Each structure stands twice: as C-alpha cells, then as structure tokens.
Amino acid sequence: AYYTKGYEAFHRHRFKKAIKLYKQAISHDPAFTDAYDNCGLSFRYAGNLDSAEAYYRRSLQLRPEGMVARRNLAIVLEARGDLNAALREFERLQRANPDEAEAYYGAARLYISQQKPDEALKNAQQALAIYQGAARSGRTSSMRAVPMPR
C-alpha cells in the first residue's frame, strides 16, 4: 500500500510525500528494490542528488543486476559532473544488458562532452539500431530513464 501511494504521490509531483511513503514501504520490506529505486527517483526530482545516489547504491547492493538503479545512478553521477563515474555505470549497464539502448545513448552523450566523437558515434549508432529494431518488431527496447527535471 505504501509503495502504491508513493507511486501516486510521485506522479502528482509530490516528491516529499513520495519519499516518505517509499521509506515506509522499505521499512516494511528492507529488500524491496523497486521502492529504493523510486525513492531515489523522488529524491532526484526533489533536487537531493546525494540521497538519490545513496538509494540507488543500496538498491544495487541488494540486486547488483538492477538495470533501473544502475541507469538512474549514471544519470545522477552525470548531473553531479562526475562524468567518468557515470560513463562506467553506463558501460556496466551495456555489459549486463547489450540490448539496453539507454546505456548506449547515455554513453554517447558523455563521449560527446568528453570530445570523443568516434566513441560517441559508435554508441549513438548502437542505441539507434536497438531502437529501430524494437520499432520494427513492435516491442519497446527498454524502459526509458526519467530525465532530470529542468
């Protein structure tokens, strides 16, 4: 019940309330990685990148293969300016799930900012190929990461 209410609060842009509800869900089930992931997202949208990072890292301790936490951790690291760490997370995501278009897209953005056009192009082309393959097959390639609010 807490998780569902947290989800509803998040989608109404009531991030502080969502955080409180996700924390309650975690207190009832300390291994509930989806609650950690969404609590991290709520912290991120509330502008608290340190707490967002902490919740994503805790989720990854519980489930190291967690794609959502890894993707969002990379986004937080990028937002904080730690581009090398963000790139490492996107690369880990690529190794764990080669069909994760967002991992290639994120890496391409970072390579552009590092002025590495060949690597950026290679990753952008891979992301595009995955998206196009998904469109042709009628499936979604992956859940898109939620960008930072502007």
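Nothing here was measured: the structure is a model prediction, and the numbers come from that model.

Structural notes on unusual backbone geometry
Here's step 1: Residue His-13 is not a glycine yet carries a positive backbone phi of 65 degrees.
Here's step 2: Within the secondary structure, His-13 is located in the loop between helix H1 (2–11) and helix H2 (15–28).
Here's step 3: Judged by relative accessible area, His-13 falls into the exposed class, the value being 59%.
Here's step 4: Notably, Gln-115 is not glycine yet its phi reads approximately 55 degrees, a positive angle.
Here's step 5: Note on placement: Gln-115 falls in the loop between helix H7 (101–113) and helix H8 (117–137).

Focus on the side chain of Arg-70
Here's step 1: In this fold, Arg-70 is placed in helix H5 (residues 67–79).
Here's step 2: Look at Arg-70 and you get buried, because its relative accessible area is 13%.

Some thoughts on the nonpolar core
Here's step 1: Ranked by internal contacts, the top residues of the largest apolar core, which has 33 residues, are Phe-10, Cys-39, Phe-43, Tyr-55, Tyr-56 and Phe-90.
Here's step 2: Residue assignment for this core shows that the elements contributing at least two residues are H1, H2, helix H3 (33–45), helix H4 (49–62), H5, helix H6 (83–96) and H7.
Here's step 3: In terms of residue count, H2 provides more of this core than any other element does, 7 residues in total.
Here's step 4: The contact partners of Phe-90, leaving out residues within four places of it in the chain, are Arg-71, Ala-74, Ile-75, Glu-78, Glu-102, Ala-103, Gly-106, Ala-107, Arg-109 and Leu-110.

So, the environment of Gln-126
Here's step 1: Along the chain, Gln-126 turns up in helix H8.
Here's step 2: Gln-126 sits in the partly exposed class, given a relative accessible area of 32%.
Here's step 3: It is 15 Å that separates the C-alpha atoms of Gln-126 and Leu-110, two residues lying 16 residues apart in sequence.
Here's step 4: Ignoring anything within four residues of it in the chain, the contact list for Gln-126 reads Pro-98 and Tyr-104.

Comments concerning the packing of aromatic side chains
Here's step 1: In the structure shown here, the tally under the stated rule is 7 aromatic pairs.
Here's step 2: Plain terms: the ring middles of Tyr-3 and Tyr-22 are 5.5 Å apart, the flat faces sit at 55 degrees to each other, and that makes the pair tilted. On the criterion of sequence distance, the pair formed by Tyr-3 in helix H1 and Tyr-22 in helix H2 is long-range, its members being 19 residues apart.
Here's step 3: Taking the relative accessible area as the measure of exposure, Tyr-3 reaches 23% and is therefore partly exposed.
Here's step 4: Judged by its relative accessible area of 1%, Tyr-22 falls in the buried class.
Here's step 5: Ring pairs connect the aromatic residues Tyr-3, Tyr-22 and Phe-32, which therefore count as one cluster.

Quick look at the pattern of salt bridges
Here's step 1: Inspection of the entire model under this criterion finds 8 salt bridges.
Here's step 2: Here Glu-89 ties to Arg-92 by a salt bridge, and the two come within 2.7 Å at their closest N and O atoms. With Glu-89 and Arg-92 both in helix H6, this residue pair falls 3 residues apart, about one helical turn.
Here's step 3: We classify Glu-89 as buried; its relative accessible area is 4%.
Here's step 4: What makes Arg-92 partly exposed here is its relative accessible area of 37%.
Here's step 5: A single network of salt bridges, built from pairs that share partners, joins Asp-50, Glu-53, Arg-57 and Arg-80.

A word on the confidence of the model for the chain
Here's step 1: Chain-level pLDDT for the chain is 92 on average; 92% of the residues reach the 70-or-more range.
Here's step 2: Throughout residues 141–150 the model reports pLDDT below 50, and contacts reaching past four residues in sequence, or to other chains, amount to 30 contacts.

What counts and what doesn't
- Residues numbered from 1 in each chain as written.
- Predicted model: local features only at pLDDT ≥ 70, side-chain atom pairs only at ≥ 80, totals over all residues.
- Heavy atoms only, no water.
- Helix = DSSP H or I, 4+ residues; strand = E, 2+ residues; numbered from the N terminus.
- Buried < 20%, exposed > 50% of the residue type's maximum accessible area, 1.4 Å probe, protein only.
- Core = buried A, V, L, I, M, F, W, Y, C linked by side-chain atoms within 4.5 Å.
- Contact = heavy atoms within 4.5 Å.
- Phe/Tyr/Trp six-rings, centres within 6.5 Å; stacked < 30°, edge-to-face > 60°.
- Salt bridge = Lys/Arg side-chain N within 4 Å of Asp/Glu carboxyl O.
- pLDDT = per-residue confidence, 0-100.

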